[in-house]
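Descriptive structure summary
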Amino acid sequence: GTLYFGSMDGGVYAYHQGTFRQLPEVSSHRGKGVMVFQSRRGFLLAFSFGGGELSRWADGKWTPHFPTGNPLQGHEITVLWEDPQNYLWIGTRANGLWRDTPESGLVAVQDWKGQRIQEITGIAQDLEGHLWISSYRQGLWRSEGPPQPLTSLRPFAMPKASPRVVVLHPGLHGEMWM
């Protein structure tokens, strides 16, 4: 397989069979740190720190993943995650959590009080199907069951812990590492 990674100079690189190559630069990511994400369906996405478009690699070039005027335009994306149903989840710094599905397109996700979780740092799902969201300022959130309905997202009590969760990662045995 091929390993893709972004760099702090705005570049996206591919490593395959002992060889590195740089993909063409994405103009909206120039001079910014770039993160990449490869979906289960095989497409490659790139986004940059400090804003910029979510870009998709297709046919040897980068194109905007969403149409112009979408609600994420100009907002800093902080994390991407794809669930087992192939829905793309998008966390942002100041524009909350979003889900992109073929059926409904881009939809804002709210918590059980109808608010948006801000400064999202991680998105994961445990073995029971609970959706976990980590936030730098608002701590840890968990759905009460599979991520349907999404309005079940509630704060998760973290004893003697700071509300700042920087990284969220599911373990092999169902635990969540943060």
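It should be noted that the structure appears before, not after, this text.
Definitions and cut-offs
Residues numbered from 1 in each chain as written. Predicted model: local features only at pLDDT ≥ 70, side-chain atom pairs only at ≥ 80, totals over all residues. Heavy atoms only, no water. Pairing = 2+ DSSP bridges. Helix = DSSP H or I, 4+ residues; strand = E, 2+ residues; numbered from the N terminus. Axes fitted to C-alpha atoms, helices over the stretch in contact; angles between N-to-C directions. Phe/Tyr/Trp six-rings, centres within 6.5 Å; stacked < 30°, edge-to-face > 60°. Lys NZ or Arg CZ within 6 Å of the ring centre and 35° of its normal. Buried < 20%, exposed > 50% of the residue type's maximum accessible area, 1.4 Å probe, protein only.

Let us now look at the sheet that holds strand E5 (residues 44-48). The strand order across the open sheet built from four strands is E4-E5-E6-E7, with neighbouring strands paired in antiparallel fashion. Only two strands of the sheet have a single partner each, and these edge strands are strand E4 (34-38) and strand E7 (61-64). Neighbour-to-neighbour, the strand axes of this sheet turn through a mean angle of 30 degrees, independent of strand direction. Pairing analysis gives four bridges linking strand E6 (residues 55-58) to E7, with the strands arranged antiparallel. Residue pairing for E7: Arg56 is matched across the bridge by Thr63.

What follows covers the sheet that holds strand E2 (residues 12-16). Taken in spatial order, the three strands make up an open sheet running E1-E2-E3, and their pairing is antiparallel. Each having just a single partner strand, strand E1 (3-6) and strand E3 (19-22) make up the two edges of the open sheet. Averaged over all pairs of adjacent strands, the angle between strand axes in this sheet comes to 25 degrees, irrespective of strand direction. One ladder, built from four bridges, connects E2 with E3; its direction is antiparallel.

What follows is about the packing of aromatic side chains. Applying the stated criterion across every chain, the model contains five aromatic pairs. Each residue in the set Phe5, Tyr13, Tyr15 and Phe20 is aromatic and connected to the rest through ring pairs, giving one cluster. Over the face of the ring belonging to Phe43 we find Arg56, whose NZ or CZ atom lies 3.9 Å from the ring centre.

Taking every second residue as pointing to the same face, the buried face of E6 carries Ser55 and Trp57, while none of Arg56 and Ala58 on the other face is buried. Following E6, the chain reverses through two residues before pairing antiparallel with E7; Asp59 in that reversal takes a positive phi of roughly 55 degrees.

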